[in-house]
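A closer look at the structure
As a plain string of letters, each chain reads:
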Amino acid sequence: MIKRIIEFYWRFRYVCILLMVVLVTTSVVCIKDLVVEGDILEYMPPEHKDVRLFKEIGNKYLSNYFIMLSIEAAVDNGVFEKDYLKSIAKLTKALRDIEGVSSVISITNIMDIKKIEDGIEVSSLIEEEEIERMSDFDILQLKEYVLNNERYVNHIVSSNGRYSQIIIRPSQGSDRAKVVNMVEEVCNNLLKDTGLKFYAGGWPVAIRDTNNATMGDLKKLTPIVIIISMIVLFLGFRTVRGVVLPIFVVIVANLFTFAIMALLKKPVTLGTSAIPVILVSTGTAYAIHIINQYYFHASKSLSKGEVILHAITDKWKAVFLSALTTMAGFVTLMTATLTTVVDLGFFMTLGIFLSFLLAIFIVPLILYMLPIKQARKVLSEEEALSYTHGIFLPIAEKFVLFHSKKVILGFGVLTIILIPTLFNLTADVNPINYFKEDAAIRKSEQLLVDHFGGAVPVFVLVKGDVKDPRVMYFTEYVEREVEAIENIGSAQSVASIIADLNYNLINYYNIPDTAGKIGNLWFFVEGNEYLNQYVTQEMDESIVLARIESLQKSQVTYANRAMRELLSKIPSEYKIVDKRELSIGERNGVIEYQKSHILKRIQTELSIARVKVDEKVVKDLVEKVVMLGKVEGGSLPYELCLQFHNELKSRIKKIRSDFGIDVILEEQDGDEMCALDVLNRLSLVSEKVLLEDDEVEEQLKTEWNEFKDSMKSYHSSLYLKHLVNSTFSSYGIKSSSLKHMEGLLGLLLNDNIIIGSDYEGFSSLRDESLKIVTEYGGLGPILAMLDENLMKNQITSIIIALLLVFVLMFYLTRSFLIGLVSMIPICFTLLVDFSIMSIFGIAIDDVTIVIASILIGVGIDYTIHIITGLKLGYEKYSDDDKAISFAIRVIGRAVFLNTFAVALGFIALLFGDFLPLRSMGILTAVTMFIAAFSAVILIPSFVKSYKKFNIKEVKL
Amino acid sequence: MRRFCFFICVFLVSSLTLNAETAQDVLKKIEARQNEAMDAEIQVRITTIEKNGTKKVREGVIYQKGEDKRVFKFTSPADIKGLSVLSTGKDTKYIYLPEFKKVRRIAGHIKNQSFGGTDFTNDEISSTRYSDDYEAVELREGPDTKVITLKKREGSDREYDKIVAEVTSDYVIKRAEMYKNNKVIKVLDVTNINKHGKYIIGEKMIMRDLTKNRSTEMEMIKIEFDKGLSDEIFSERFLKK
């Protein structure tokens, strides 16, 4: 049939050549439309729940694609120098003006909440205009303030003050790579000669660098692999056509493959960037076979047409079989979840198929147009079989002939030794880890890990009316629990802003107990773009943002597990109850629950502060605070006492001025000055004034009562502060942690209590319950999911590829046993490959995943060659041992020559910028030899050892 | 004839010179128009429209007396009902938080920040005086409107570097474009310009923030002028009422 096809095609050869020229030209044009995609998120099906959530959150909060600029100061004082602050303020402004930038948050413009005299201030941390006026003392105070504020430390400034971070959010739909380039340009211009250095990090930077490096590698590695292959081909053929034609085939196959990629609008990814190298290394074989056979027939006195026809008819089956097995290896990658792996599988299969077609149809055409030529003298079969040629193959032959069972046993033992290493095999698709240690992006990301709480963003999405105190409390609860997870840091949410406002207003760093109070506090910050990263405009959901403090896969996995465990542990249903409206029994139950809940939360705070305190100490503290709620007051230390007294005086002064009346405050000394009793001893004078106007009198009464209540509350807050300070004074706990604990304890004084569904009497409480839905997402789970998928894809593709190859072998040999045994060299090679990866810590990624396919696809050819060799040997010598010698020494030599050629091609990948490409280069090169070695040694050993393994009967 | 023409020309030029209105004059007239009433009590509805189309409606009452005294009291939604902001001068502002029953002073330099999540700044809500911070530098006259360009005075901490305002022949601002770094960042459109008694006022204002792609509509539902509002209204005590 092939003869008829060739004859038909032969008639239209000039049309074919013309068609080729047109196709090549069109391909060159098409290839210009190729785009690069380095964003691994684009490799996942968009409907996947983790991807959907990640993208949804990214779009709503602009939180996935932020550029994180780390600014490094050259002096010991860190960024807290007037000139530096001025430069950062100027830079912040300039960055905001870049087209495609949605928001910029830096140390100068970050939202700051602070108490001022009689009031509250929500403004930028440093007003640009003020920097110039700041004295050294002001800057020192600013430094102290910032470094003691947990909203800034490890978030916008490093704990040593040396680094400051600027967070830039590119706007939706903007060209992020362009924005990154412009950000770097602006930084280069504005920070020049300022003593400040910058490091750009974050996902958009990683994508930009991945894109650049992918394109760079593609352009660099393709000519290298071509040159290497040309050298190998020249050593093999020593003729121009022997070098040019196979290279021509793979170049055109590559061109067509990438043109189709462009037409299908498939981007070049890190994975598909390896196609030229793989295709050149593996795809030249088909043309080589044809040319080799051409030279074989050329030595006979045949016409040019006959030589070519014989060459094709002789070899097309072998070439087709070889292409088929290789395609079988790659096609299984199409079962993967990651589109980059699917694309790699598809386009490699296509590339191999095109190489086959070109070798069968185009190479003969070209040969026909050239004058017939003979090859240089090649090593004869007799020479190959003589012991003067080579060292390794004669030794291998001896081993197989005399110790075949030991050889099999040796392989078996090695297999048993290597299998346990597989359990350490990991997958890792974090593109940051693809870069070399000294790459700028690696440095930037490490800086984020070292000074800004991590580089891998994660979030907890909290669904529910944000202003509902139950939702807000839950959010704050989650935020603090997340912060307590060992390798997660920088947890922030809208709840901490509300708690901070509450603290500045009423001295308790906690969530107010009514929606109205939250609404009131919200008014201070509403519209501030800083909030957009935490809460939706509709206020129907918010996120707790955090970062995993490591780029290592194991740490990311640990953090993901811890986050999921946390969310399953925290109750998701809440009620808000008014203690006063409960029966005594209910009230006692609720109070006990609240005590244990607060105790648990204080322990979380202590674990965040990395302090161990005896549980009894904390329990006592909780009990004291509960008592404070019952009996009112307590003795304050002098400093707090003075604070209370001053506040009292200031409030009295205000009443005097507002109402034009007088209040007598009996001056007291010592403890009495601030004992709560002082409020009862206050008396209003000029009461007659009040009688003149009922409305004013009413107002004054209200004011007077509110004044007393608020002073009592203020006294309680001071006393609580005193209790917390005195309990933990010997532990060296930071003031920010004490503030959190005071806030938590303050909840014990409220009449309204938020009760979680973990309270055993939850269902019996009459109040309406609210179910809060959470979802965990972010880059952390995405990476973990990708890793998991990649591992599954690897296993699935290997199983399918092995099955396909087995079916093929069974079909070829018509023997189940031979089909099965012929899989052994491949399986052993795969085992060695994964063991090397495991031992040397090389992870399976979207590039190295293809190694197994290459090994199966190409490696099975070696087994087929050896089985064919054995069969040929029997037919030739009718002697088992001679057949084995023939297979090992003659066919084995050809197999190793081919292995050498393929392996050398893959060595080109060592010149790549990406670590996975380098790993793939060295691993494929090494394991190709293992594949050849095990095929050459193992198959003949089975033939020698087991009579059932009868190659003679094989129908090939 | 030639002599006659010469006199006519001299007359026209001299009358034009005598009546020529400068940009600064126009600015003064705008401010005078905005503050001509003794006092005002205006019920407003503020609707913020996010870029995704989400709307948030708030209602409140504005009390104003003179140029500086102003109280903004929210009447809805529930979570901010009763919340009031008092401004009695350029840098003096107080906020009453009804849920906490507390009056707190708000720092002066937040004037350029958003007023309760709207696209109006605190300053735009509490003051109608431009001449302290801006200098009128250019005036262009059209058939029915005048276009005046205001340039920020040196040392002023206002957000916009330049404002180009289009005013009606009655000196009511019809449209204003706010510039920062030579880029228009906000646009104010005033519509429903009507006469209320002897005063002319734009009943609807739409402030568009071009950088955030969102807008705020302030609609005046009920307008009352010269009610003789007491000074007590502009006190902390009144906020609590």
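Just so we're clear, the structure is a prediction, and the values are computed from it rather than from any experiment.

Attention shifts here to the overall build of chain B. Counting its secondary structure elements, chain B contains four helices and 13 strands. In chain B, which comprises 241 residues, the proportion classed as buried is 49%. Of the roughly 12000 Å² that chain B leaves accessible, carbon and sulfur atoms contribute 51%.

Attention now moves to the overall build of chain A. The helix and strand tally for chain A stands at 32 helices and 15 strands. Computed over C-alpha atoms, the radius of gyration of chain A comes to 38 Å, more than 25% over the 30 Å expected from 2.2 N^0.38 for 956 residues, which places it beyond the range of a compact globule. With the principal axes as the frame, chain A shows a C-alpha extent of 135 × 55 × 45 Å. Counting only contacts in chain A whose residues sit at least 6 apart along the sequence, the fraction spanning at least 24 positions is 80%. Accessible surface, chain A as shown: approximately 39300 Å² in total, 58% of it carbon and sulfur. Distance from the positive charge centre (96 side chains) to the negative charge centre (111 side chains) of chain A: 15 Å.

Residue and element names in this part refer to chain B. Where strand S9 (residues 162-168) lies against strand S10 (residues 173-180), six bridges are found, and the strand directions are antiparallel. Residue alanine 165 lies in a different strand from S10, and its bridge partner there is alanine 176. Where S10 and strand S11 (residues 183-196) come together, six bridges link them in antiparallel fashion. Bridge assignment links lysine 180 to a residue of S11, and that residue is lysine 183. The turn joining S10 and S11, which pair antiparallel and follow one another in sequence, is formed by two residues; a positive phi near 50 degrees is taken by asparagine 181.

Okay, the sheet that holds strand S14 (residues 769-771) of chain A next. Residues and elements named next belong to chain A. The strand order S13-S10-S14 describes an open sheet built from three strands, whose pairing is antiparallel. Each end of this open sheet is capped by a strand with a single partner; those strands are strand S13 (752-756) and S14. Within the sheet, the average angular offset between the axes of one strand and its neighbour, ignoring direction, is 25 degrees. The sheet contact formed by strand S10 (residues 573-578) and S13 spans five bridges and is antiparallel.

Now for helix H16 (residues 469-484) of chain A. Residue and element names in this part refer to chain A. Taking 1.5 Å of rise per residue, 16 residues should cover 22 Å, and H16 covers 22 Å from first to last C-alpha, within 8% of that figure. With 14 of its 16 residues buried, H16 lies for the most part within the structure. Near the N-terminus of H16, the side chain that reaches the backbone nitrogen of arginine 470, with its oxygen 2.8 Å away, is that of aspartate 468.

Once that is clear, we can look at the confidence of the model for chain B. Predicted coordinates in regions of low pLDDT should not be interpreted in detail. All names here are of chain B. Residues of chain B with pLDDT of at least 70 account for 88%, and the chain-wide mean is 83. Of all secondary-structure elements in chain B, the lowest mean pLDDT belongs to helix H1 (residues 2-19), at 44, while strand S1 (residues 39-49) reaches the highest, 94. The low-confidence segment residues 1-18 (pLDDT under 50) makes zero contacts with residues lying over four places distant or belonging to another chain.

Turning our attention to the side chain of glutamate 481 of chain A. All names here are of chain A. Residue position: glutamate 481 is located in helix H16. Put simply, glutamate 481 is tucked away with no salt bridge, and the nearest opposite charge, on arginine 601, sits 4.9 Å away. Contacts of glutamate 481, omitting those with residues within four sequence positions, involve Leu566, Ile570 and Thr604.

Take helix H15 (residues 440-451) of chain A next. Residues and elements named next belong to chain A. Along its 12 residues, H15 runs 16 Å from first to last C-alpha, staying within 8% of the 16 Å computed at 1.5 Å per residue. Check the buried side of H15 and you find it contacts strand S1 (67-73), strand S5 (163-170), strand S6 (196-201), helix H8 (203-237) and helix H32 (915-945). Of the residues flanking the end of H15, it is glycine 453, one or two places downstream, whose phi is positive at about 70 degrees.

What follows deals with the interface of chain A and chain B. In this complex, chain A contributes 41 residues to the contact, which on the side of chain B involves 37 residues. With both chains or domains summed, chain A and chain B bury close to 3500 Å², and 51% of this area falls on carbon and sulfur atoms. When the buried area of chain A at its contact with chain B is split by residue, Asn520, Phe523 and Glu526 of chain A rank highest and sum to 20% of it. Counting across the chain A and chain B interface gives three salt bridges.

Core analysis: the biggest nonpolar cluster contains 363 residues, and Leu95, Leu501, Phe728, Leu745 and Met920 of chain A have the highest contact counts within it. The biggest single contributor to this core is helix H12 (residues 339-369) of chain A, with 16 residues. Residues contacting phenylalanine 728 of chain A, with those up to four places away along its chain left out, are Ile602, Leu606, Val613, Leu621, Ile733, Leu738 and Met741 of chain A. Tyr94, Tyr96, Ile233 and Phe238 of chain B belong to the second-largest nonpolar core, a separate cluster that totals 12 residues.

This next bit is on the sheet that holds strand S15 (residues 773-778) of chain A. Residues and elements named next belong to chain A. A sheet is described by the order of its strands in space; here four strands give the open sequence S8-S9-S7-S15, paired in antiparallel fashion. Looking at strand neighbours, the two that pair on one side only are strand S8 (488-492) and S15, the edges of this open sheet. Going across the sheet, the axis of each strand differs from the next one's by a mean of 20 degrees, ignoring polarity. In the sheet, S8 pairs with strand S9 (residues 541-548) via three bridges, with the strands oriented antiparallel. From the neighbouring strand, glutamine 492 faces S9, where its bridge partner is leucine 545.

The next subject is the confidence of the model for chain A. Residues and elements named next belong to chain A. Taken as a whole, chain A shows an average pLDDT of 87; of its residues, 93% reach a score of 70 or greater. When pLDDT is averaged over each element of chain A, H16 comes out on top at 96 and helix H24 (residues 687-691) at the bottom at 47. Predicted confidence is poor over residues 686-691, with pLDDT under 50, and the contacts of this stretch with residues over four places away or in other chains come to six contacts.

All names here are of chain A. Looking at where threonine 326 falls in the secondary structure, it is placed in helix H11 (residues 304-331). Among the polar contacts listed, one links the side chain of threonine 326 to the backbone oxygen of serine 322, at a separation of 2.8 Å. Excluding anything up to four places from it in sequence, threonine 326 contacts Tyr286, Ile352, Gly857, Val858 and Asp861.

Residue and element names in this part refer to chain A. Relative orientation of the contacting elements helix H27 (residues 779-813) and helix H29 (residues 824-839) amounts to 160 degrees, with a least axis distance of 12 Å. Relative to H29, the element H27 lies roughly antiparallel. For the pair H27 and H29, the sense of crossing is right-handed. Residues Gln794, Ile798 and Leu802 of H27 touch H29, and the partners they reach there are Ile826, Cys827, Leu830 and Phe834. For the contact of H27 with H29, the per-class residue count stands at six nonpolar, one polar and no charged.

This part covers the pattern of salt bridges. Counted under the stated rule, the structure contains 59 salt bridges over all chains. Between glutamate 50 of chain B and arginine 214 of chain B there is a salt bridge, and its shortest N-O distance comes to 3.1 Å. A residue pair is termed long-range when its members are at least 10 positions apart, and glutamate 50 of chain B in the loop between S1 and strand S2 (55-65) and arginine 214 of chain B in strand S13 (residues 214-225) qualify at 164 residues. When sorted by exposure, glutamate 50 of chain B lands in the same class as arginine 214 of chain B, which is buried. The salt bridge involving glutamate 177 of chain B is made with arginine 175 of chain B; its shortest N-O contact spans 3.5 Å. Classification of glutamate 177 of chain B by relative accessible area gives partly exposed; the value is 21%. The class of arginine 175 of chain B is partly exposed, set by a relative accessible area of 29%. The network of salt bridges with common partners includes Arg52, Glu56, Lys60, Lys463, Glu541 and Glu775 of chain A.

The rules we used
Sequence order sets the numbering: in each chain, residues are counted from 1 along the sequence as written. Think of it this way: whatever chain is written first is A, whatever ligand is written first is 1, and the rest follow in order. Selection of residues for local features in this predicted model requires a pLDDT of at least 70, selection of side-chain atom pairs for listing and counting requires 80 or more, and totals for whole chains, interfaces and linings are taken over all residues. The basis for every side-chain value is the complete set of heavy atoms in the structure, and neither hydrogens nor water enter the calculation. Runs of E in the DSSP output that reach at least two residues are strands. Runs of H or I that reach at least four are helices, and both are numbered from the N terminus. Classification of residues uses two cut-offs on accessible area relative to the type maximum, computed with a 1.4 Å probe and protein chains only: under 20% is buried, over 50% is exposed, and between them is partly exposed. Computed with the Shrake-Rupley method and a 1.4 Å probe, the accessible areas treat only the protein chains shown as cover for residues. Note that the radius of gyration is over C-alpha atoms, with the globule rule given as 2.2 Å times the number of residues to the power 0.38. In this description, contact between two residues means that some pair of their heavy atoms is separated by no more than 4.5 Å. In this tally Asp and Glu are treated as negative and Lys and Arg as positive; neither His nor the chain ends contributes. The atoms used to mark charge sites are NZ of Lys, CZ of Arg, CG of Asp and CD of Glu. Following DSSP output, two strands are said to pair if at least two bridges run between them. Fitted lines through C-alpha atoms serve as axes, helices being fitted only where they are in contact, and the angles separating the N-to-C directions of these axes extend from 0 to 180 degrees. The span one expects for a helix is its residue count, reduced by one, times 1.5 Å. Think of a polar contact as two N or O atoms within 3.5 Å of one another; within protein, one of them needs to be a possible hydrogen donor and the other a possible acceptor, and neighboring residues in sequence only count if both atoms come from side chains. The quantity known as pLDDT measures the predictor's confidence residue by residue, on a range of 0 to 100. For salt bridges, the criterion is a side-chain nitrogen of Lys or Arg within 4 Å of an Asp or Glu carboxyl oxygen. Each of two parts loses accessible area, computed with a 1.4 Å probe, when they are put together; buried area is these two losses added. As used in this record, nonpolar core signifies buried Ala, Val, Leu, Ile, Met, Phe, Trp, Tyr and Cys residues forming a set joined through side-chain atoms within 4.5 Å. Roughly parallel refers to an angle under 35 degrees, roughly antiparallel to one over 145, roughly perpendicular to one between 65 and 115, and oblique to any angle outside these ranges. Handedness of a crossing follows from how the near helix is turned relative to the far one, being left-handed for an anticlockwise turn of less than a right angle and right-handed for a clockwise one. Amino acids are sorted into nonpolar (Ala, Val, Leu, Ile, Met, Phe, Trp, Tyr, Cys and Pro), charged (Asp, Glu, Lys and Arg) and polar (every other residue, Gly among them).

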